[in-house]
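# Structural overview for review
Chain by chain, the residues run as shown.
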Amino acid sequence: MEIVTLKPVFVFSDAGFLLFYTPRPFKIRGMKKEIDTTKAARQHIELEGFLAGFSVKNPSLAEADKSVIEVDETTVKALADLRAEVEGCKQCELWNQRKNAVVGEGNAAAKIVFVGEAPGREEDSQARPFVGRSGQLLDKIIAAMGLERSDVYICNILKCRPPDNRDPKPGEIEKCLPFLKRQLGLIQPEIIVALGAHAAKTLLETNKAIGQLRGKFHEFYFDDSQPPIKLMPTYHPSYLLRNYSQDNRRRVWDDMQKVMAEIGLRMPARG
Ligand code: SF4
């Protein structure tokens, strides 16, 4: 009698993940894209291990580095007003297909604001930024920095989901960007982290590749009357998930270490 060893295999979808036991890798048909279960399982394990080597051994160490953030009630009110405005916005065609506008969330006095490109399907459903797989990865990156999601602010260039997650059109960016600039003007962060090529190119008004832009600080001028905000471009978490390599992970972590050093956060102890 042949003994067959079954291996656990995780398969992710936007709706969550499934656990299979299988003697050999297989492909699932009937989904938008065939999923290689071996690759999906490997990614799950890597996702769990992402930056684990850098995670905070003693959270209180990083906690001690966080200065007490006083949230100004006027700013909170102004952000709430802006949210209501965005939720009723019909300035570009994207309003027509959204379930929800995804305005952004986080600390109104955050020192770091993460800016992505646009909401995806999961974000559109939940009206929250970065809640899908790439959001889980962003959470891990934030945790590896010794911070929590509630310490930072997270938003996107576009507040409504482009159909089929297509790239934002220039006209949509032009209409929506003033909302982001108002958010940044209210929050007044010390650092903007631009997640991915679209966010970095839009905010820096350049056509340079993300590989050329990341790794160093740039200046973002959101208002001629105010000093620029330092901007660190880095890879988008969804790019990392598609191009999972030790080098890419190291590059993102290097970028985040520079951000931490800039705002005076001590390096978390290696776990
Ligand atoms: S993407 Fe921006 S500009 Fe377009 S409808 Fe949504 S909030 Fe308005």
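Note: the structure precedes this text.
Notes on the structure follow. Given the structure is predicted, the values throughout are model-derived calculations rather than measurements.

### Observations concerning the overall build of the protein
- Regarding its fold elements, the protein presents 10 helices and 10 strands.
- Per-residue burial over the protein gives 36% buried out of 271 residues.

### Observations concerning the environment of A127
- By the element assignment, A127 lies in the loop between α4 (121-126) and α5 (133-144).
- Assessed through the 16 C-beta atoms surrounding it within 10 Å, A127 is described here as partly exposed.
- Between the C-alpha atom of A127 and that of V103, which follows or precedes it by 24 residues, the distance is 7.6 Å.

### A word on helix α7 (residues 197-204)
- Of all 8 residues in α7, 7 are buried; the element is thus mostly enclosed.
- On the buried face of α7, the contacting elements are β6 (112-116), α6 (170-187), β8 (191-195), α8 (210-213), β9 (218-220) and β10 (229-234).

### What to know about the site of the ligand
- Close to the ligand lie 14 residues, the nearest being C89, C92, W95, C160 and C176.
- When residues of the shell around the ligand are assigned to their parent elements, the largest contribution, 3 residues, is made by α6.
- Looking at the shell around the ligand residue by residue, the class counts come to 9 nonpolar, 1 polar and 4 charged.

### What about the nonpolar core?
- V113, F114, V115, V152, I192, V193 and A194 are the most contacted members of the largest nonpolar core, which has 53 residues in total.
- Counting only elements with at least two residues in this core, the list comes to β6, α5, β7 (153-156), α6, β8, α7, β10 and α10 (246-262).
- Those residues within four positions of I192 in sequence are excluded, and the remaining contacts are V113, V115, L184, L203, F220, I229 and L231.

### Concerning the pairing of β7
- Residue alternation in β7 divides its side chains into two sets, Y153 and C155 and I154 and N156, and both sets are buried.
- Where strand β5 (residues 105-106) lies against β7, 2 bridges are found, and the strand directions are antiparallel. Looking across to β7, one finds that G106 is bridged to Y153.
- Bridge count between β6 and β7: 4 bridges; the pairing is parallel. Across the sheet, G116 pairs through a bridge with N156, a residue of β7.

### Quick word on the pairing of β8
- Most of β8 is tucked away, with 5 of its 5 residues classed as buried.
- Side chains of β8 alternate between two faces, with I191, V193 and L195 and I192 and A194 buried alike.
- Of the pairings in the sheet, the one linking β6 to β8 comprises 4 bridges and is parallel in character. By the bridge assignment for β8, V113 is matched with I192.
- Relative to β10, β8 runs parallel, the two sharing 5 bridges. Note on β10: the bridge partner recorded for L195 is T234.

### Re unusual backbone geometry
- Not every positive phi belongs to a glycine, and A127 is a case in point at roughly 60 degrees.
- The backbone phi angle of N165 is positive, close to 55 degrees, even though this residue is not glycine.
- Mapped onto the elements of the fold, N165 is located in the loop between β7 and α6.

Rules used in this analysis
Residues numbered from 1 in each chain as written. Predicted model: local features only at pLDDT ≥ 70, side-chain atom pairs only at ≥ 80, totals over all residues. Helix = DSSP H or I, 4+ residues; strand = E, 2+ residues; numbered from the N terminus. Buried ≥ 20, exposed ≤ 12 C-beta atoms within 10 Å, placed from the backbone. Contact = placed C-beta atoms within 7 Å. Near = placed C-beta within 6 Å. Nonpolar A, V, L, I, M, F, W, Y, C, P; charged D, E, K, R; others polar. Core = buried A, V, L, I, M, F, W, Y, C linked by C-beta atoms within 7 Å. Pairing = 2+ DSSP bridges.

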